[in-house]
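Each chain is listed here by its residues.
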There are 2 protein chains.
Amino acid sequence: MTPVDLRLYGIIDPDRAAGRDPVDLVRQAVAGGTTLIQYRDKRADGRRLVELARALKEALQNTGVPLVINDRVDIALAAGADGVHLGQDDMHPADARFLLGERAIIGLTIKTPEQADALVRMPVDYSCIGGVFGTMSKHNPSAPIGIDGLAAIAVRARTATRAPLGAIAGIDASNVQAVVEAGADGIAVISALFMAPDPRAEAQRLRSIVDKSLASRSSLP
Amino acid sequence: MTPVDLRLYGIIDPDRAAGRDPVDLVRQAVAGGTTLIQYRDKRADGRRLVELARALKEALQNTGVPLVINDRVDIALAAGADGVHLGQDDMHPADARFLLGERAIIGLTIKTPEQADALVRMPVDYSCIGGVFGTMSKHNPSAPIGIDGLAAIAVRARTATRAPLGAIAGIDASNVQAVVEAGADGIAVISALFMAPDPRAEAQRLRSIVDKSLASRSSLP
């Protein structure tokens with residue numbers, strides 16, 4: 001399993017970039033302390049996906065920050081990305097592992113306690129508990145699970161896997177501390193980071209709250 | 001380059017199957033003489049795509065009829081399909097070739113004389129001239145090219161590549177002969193085959209017209 005630093009996981013979606021250049025935004029976010037980048041793009045065709053994924057991978061060279069691609073294992077392979085992020089309806093993680101190899105990063109979104117339990121047999125390097133709060137970035141048919149739901153799923157996930165655990169959906173500076181205290185090892189953000197006027201400054205702010213919250217959690221008696 | 005028999009190329013799309021089981025329809029079509037199957041599905045998520053692609057591949061075992069997947073190289077790899085069919089906006093054929101290897105079947109849709117010329121540098125095993133007639137199966141923003149357009153593009157494609165050349169969009173029993181006489185080595189059909197009440201009988205009928213048209217073309221002085 002590849003160790004993954006989930007502390008500040010930035011998901012770049014060209015539809016949630018306020019019309020700005022995604023590559024430039026990612027450079028800024030990484031300069032501000034983003035630890036992992038996902039490229040998510042539900043509208044672009046394959047040709048464009050490969051092109052932008054390659055540009056993002058190039059921008060991340062020598063930063064130590066990996067790039068994972070949402071859903072599309074073929075785009076990750078063609079662009080030389082570091083892995084993929086999968087939803088429950090995407091290709092099964094075991095199939096993705098077979099295609100990408102042992103060294104790739106494979107992440108999975110989980111939304112229920114049962115999906116957390118199932119992590120025990122999933123070859124994933126990290127997971128993200130999804131649907132925590134309401135969000136503008138994705139249509140989620142289910143009601144948000146909130147901090148209590150997050151904490152309950154986190155407990156189940158911890159017994160199933162030692163892989164790091166993130167949280168996603170509607171997370172911003174106002175709720176980061178509660179999210180980390182509820183058991184997340186980091187936060188995945190889309191709009192909070194890439195719709196911000198200054199993604200570098202916003203990354204610094206979010207990362208600093210995550211780091212402080214993690215430190216106070218680990219110093220608990 | 002893998003030799004591909006394009007005479008009757010059936011494209012199964014669960015949205016164009018009149019609510020029937022895609023695997024069963026494909027079995028019938030192949031029993032009627034379909035020579036190549038493509039699985040196209042713009043709505044299903046990755047998990048379902050892999051599942052149905054595997055079921056189709058299994059149904060085609062020992063028939064000699066290959067299965068290609070529309071657009072998604074990763075689904076083709078995960079399902080053990082024989083290759084992919086790509087549009088001009090999908091992953092570049094050279095990238096798909098790199099991922100799928102030399103023995104895979106890679107097909108490409110072309111819609112203009114310039115795209116036909118470009119076949120000279122494309123690692124594809126066949127191409128299909130698209131947008132021939134109007135169709136219900138796909139939203140085509142451009143006007144149909146008609147038989148004259150097909151003939152003009154076919155001439156350009158023949159100078160660029162020796163790979164077989166199909167035709168697609170709105171082809172049915174009424175126009176097959178004209179399509180083959182205009183230069184196509186076969187026809188790609190969706191609705192004509194898989195919306196038909198009896199896909200096996202319809203495949204036999206279409207295949208018989210293709211075969212006769214090819215025979216009379218090759219016997220021209």
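Please refer to the structure placed before this passage.
Read on for an overview of the structure. Since the model is a prediction, treat every value here as computed from it, not as a measurement.

Analysis parameters
- Residues numbered from 1 in each chain as written.
- Chains lettered and ligands numbered in written order.
- Predicted model: local features only at pLDDT ≥ 70, side-chain atom pairs only at ≥ 80, totals over all residues.
- Heavy atoms only, no water.
- Least-squares fit on C-alpha atoms with pLDDT ≥ 70 in both.
- Contact = heavy atoms within 4.5 Å.
- Phe/Tyr/Trp six-rings, centres within 6.5 Å; stacked < 30°, edge-to-face > 60°.
- Helix = DSSP H or I, 4+ residues; strand = E, 2+ residues; numbered from the N terminus.
- Buried < 20%, exposed > 50% of the residue type's maximum accessible area, 1.4 Å probe, protein only.
- Buried area = accessible area lost by both parts, 1.4 Å probe.
- Salt bridge = Lys/Arg side-chain N within 4 Å of Asp/Glu carboxyl O.
- Polar contact = N/O pair within 3.5 Å; in protein donor to acceptor, adjacent residues only side chain to side chain.
- Pairing = 2+ DSSP bridges.
- Axes fitted to C-alpha atoms, helices over the stretch in contact; angles between N-to-C directions.
- Right-handed = clockwise from strand over helix to strand, strands pointing away.

Thoughts on the relation of the copies chain A and chain B
Put simply, the second copy of the chain is the first one after a rotation about an axis and a shift along it. When chain A is fitted to chain B, the residual RMSD is 0.0 Å, and the transformation amounts to a turn of 180 degrees plus an axial shift of 0.0 Å. The transformation relating the two chain copies, once decomposed into turn and shift, fits a two-fold axis. Of the C-alpha atoms belonging to chain A, the one lying closest to the rotation axis is found on Asp74(A), 2.3 Å away. Mapped onto chain B, 100% of the interface residues of chain A are again interface residues, and the two copies thus contact each other with one and the same surface.

Observations regarding the packing of aromatic side chains
Residue and element names in this part refer to chain A. Tallied over the full model, the rule gives two aromatic pairs over all chains. Both rings, one in tyrosine 9 and one in tyrosine 126, keep their centres 5.5 Å apart while their planes meet at 90 degrees; by these two values the pair is edge-to-face. With tyrosine 9 in strand S1 (residues 8-12) and tyrosine 126 in strand S6 (residues 126-129), the pair connects residues that are 117 residues apart, well separated along the chain. The same class applies to tyrosine 9 and to tyrosine 126, which are both buried.

Brief notes about the interface of chain A and chain B
Across the contact, 21 residues belong to chain A and 21 residues belong to chain B. Together, the buried faces of chain A and chain B total about 1700 Å²; carbon and sulfur atoms form 51% of this surface. Of all residues in chain A, Arg47(A), Asp74(A) and Met91(A) bury the most surface against chain B, accounting for 34% of the area lost on that side. In this structure, the salt-bridge partner of Arg54(A) is Asp95(B), at a minimum N-O distance of 2.8 Å. The interface formed by chain A and chain B holds 13 residue pairs in polar contact (both at pLDDT 80 or more) in total. Taken together, the elements giving at least two residues each to the side of chain A that touches chain B come down to helix H2 (46-60), helix H3 (73-79) and helix H4 (93-100) of chain A.

Some remarks on the sheet that holds strand S5 (residues 105-110) of chain B
Residue and element names in this part refer to chain B. Strand order in this closed barrel of eight strands is S1-S2-S3-S4-S5-S6-S7-S8, and the pairing throughout is parallel. The mean angle between the axes of side-by-side strands here comes to 25 degrees, regardless of whether they run parallel or antiparallel. Examined bridge by bridge, strand S1 (residues 8-12) and strand S8 (residues 186-189) share three bridges and lie parallel to one another. Bridge pairing links leucine 8 to isoleucine 187 in S8.

Notes on the sheet that holds strand S7 (residues 165-168) of chain A
Residues and elements named next belong to chain A. In space, the eight strands of this closed barrel follow the order S1-S2-S3-S4-S5-S6-S7-S8, with parallel pairing throughout. Direction aside, the axes of adjacent strands within the sheet are offset by 25 degrees on average. Packing of H2 onto the sheet brings it into contact with S1, strand S2 (36-39) and strand S3 (67-70), and relative to S2 it is tilted by some 165 degrees.

Quick word on the pairing of strand S4 (residues 83-86) of chain A
All names here are of chain A. Judged by which residues are buried, S4 turns out to be covered on both faces: Gly83 and His85 on one side and Val84 and Leu86 on the other are all buried. For S3 and S4, the ladder comprises three bridges, and the chain directions are parallel. Bridging from a neighbouring strand, asparagine 70 pairs with histidine 85 of S4. Remark: the S3/H3/S4 crossover connection has right-handed handedness. Relative to strand S5 (residues 105-110), S4 runs parallel, the two sharing four bridges.

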